[in-house]
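A look at the structure
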Amino acid sequence: VLEQGEKVFEGTPEDAVNHYNRIIAAEDDREAAQSPQREHYSFGNHRVEILSADVRGERSGGNVVSAGEPLTVSLVCRANEAVEDMTAGFVVRDRFGQDIYGCNSFYLQQPLPMGEGRVGTIEFSFPAELAPGRYTLSAALHSREDHLENCYHWCDNITDFEVAGVIGAVFSGVCRLPTAVRYRVDD
């Protein structure tokens with residue numbers, strides 16, 4: 001891979017494409033730093049609060065990942081009151097603000113009780129089977145299935161990440177779905 005006429009990377013074609021995409025992502029980051037940021041806002045009764053959120057790729061170690069790379073979403077939370085029925089969740093949105101994927105601990109049948117004054121970290125792991133591009137992450141703490149009845153803390157656009165490059169088969173569209181192909185010749 002060449003950058004401004006200098007060799008900056010040498011390796012397999014897949015690794016070279018991923019390195020090139022990370023260079024492009026860094027240029028996009030510089031452009032994004034010069035443009036207005038997405039608004040971050042939060043609401044809720046604050047019985048439990050989200051202190052921070054982070055998105056990290058297993059291979060990249062940062063928030064610029066490749067499609068197919070295992071990804072971890074971490075939420076650090078503090079209980080201002082004891083809660084027995086806490087659900088933690090997140091939603092990934094594309095650059096147009098459209099919901100791409102969301103999940104929560106209630107759907108995964110994972111109870112998350114927290115004692116008053118306790119601080120805890122909740123981690124969600126999944127493969128980033130998303131098309132290259134910029135994404136934001138919103139996170140929520142609430143009771144039961146969704147935040148509509150008892151919202152402890154909702155943080156819209158709390159963090160962001162970028163998918164740059166692809167591990168494995170290239171695809172088109174918003175996400176990669178598990179796909180198999182079979183071929184047979186009929187006589």
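Chains are numbered independently. Their residues run from 1 in the order of the written sequence. Local features in this predicted model are restricted to residues of pLDDT 70 or higher, and side-chain atom pairs are both shown and tallied only at a pLDDT of 80 or more, whereas totals for entire chains, interfaces and linings draw on every residue. By convention in this description, side-chain values take in all heavy atoms of the structure and omit both hydrogens and water.

**Let's talk about the sheet that holds strand S9 (residues 119–127)**
Paired through backbone hydrogen bonds, the strands of a sheet run either parallel or antiparallel to each other. A strand pair is defined by DSSP finding two or more bridges across the two strands. Helix and strand definitions follow DSSP, with helices as H or I runs of at least four residues and strands as E runs of at least two, each counted in order from the N terminus. The strand order across the open sheet formed by three strands is S4-S6-S9, and the pairing between neighbours is antiparallel. Sheet topology places strand S4 (48–57) and S9 at the edges, where each strand pairs with a single neighbour. Mean inter-strand twist for the sheet, computed between neighbouring axes without regard to direction, equals 20 degrees. Across nine bridges, strand S6 (residues 70–79) lies against S9 in antiparallel orientation. Across the sheet, Pro-70 pairs through a bridge with Pro-127, a residue of S9. Lines fitted to the C-alpha atoms define the axes, with helices restricted to the stretch that makes contact. Angles between their N-to-C directions range from 0 to 180 degrees.

**Focus on the confidence of the model for the chain**
pLDDT expresses, on a scale from 0 to 100, how confident the predictor is about each individual residue. Scored by pLDDT, the chain has a mean of 87; 88% of the residues are at 70 or more. Pairs of residues are marked as contacts when any of their non-hydrogen atoms sit within 4.5 Å. For residues 32–37, every residue scores under 50 in pLDDT, and the model assigns this stretch two contacts once sequence neighbours within four places are set aside.

**Details of the packing of aromatic side chains**
For any pair of aromatic rings, geometry is given as the distance between the ring centres together with the angle between the planes. Pairing of aromatic rings covers Phe, Tyr and Trp, the last through its six-membered ring, and needs centres within 6.5 Å; plane angles under 30 degrees mean stacked, over 60 mean edge-to-face, and all others mean tilted. One pass over the structure, following the stated rule, counts six aromatic pairs. Taken together, the aromatic side chains of Phe-90, Tyr-101, Phe-124 and Phe-126 make up a single cluster linked through ring pairs.

**Brief notes about unusual backbone geometry**
Look at Gln-109: it is not a glycine, yet its phi comes out positive at around 55 degrees. With respect to the secondary-structure elements, Gln-109 resides in the loop between strand S8 (99–104) and S9. Classification of residues uses two cut-offs on accessible area relative to the type maximum, computed with a 1.4 Å probe and protein chains only: under 20% is buried, over 50% is exposed, and between them is partly exposed. We classify Gln-109 as exposed; its relative accessible area is 71%. Phi is positive for Arg-144, close to 55 degrees, though the residue is something other than glycine.

**So, the side chain of His-142**
Residue position: His-142 is located in strand S10 (residues 133–143). Setting aside its immediate chain neighbours within four residues, His-142 contacts Asp-85, Met-86, Thr-87, Asn-104, His-147, Asn-150, Cys-151 and Tyr-152.

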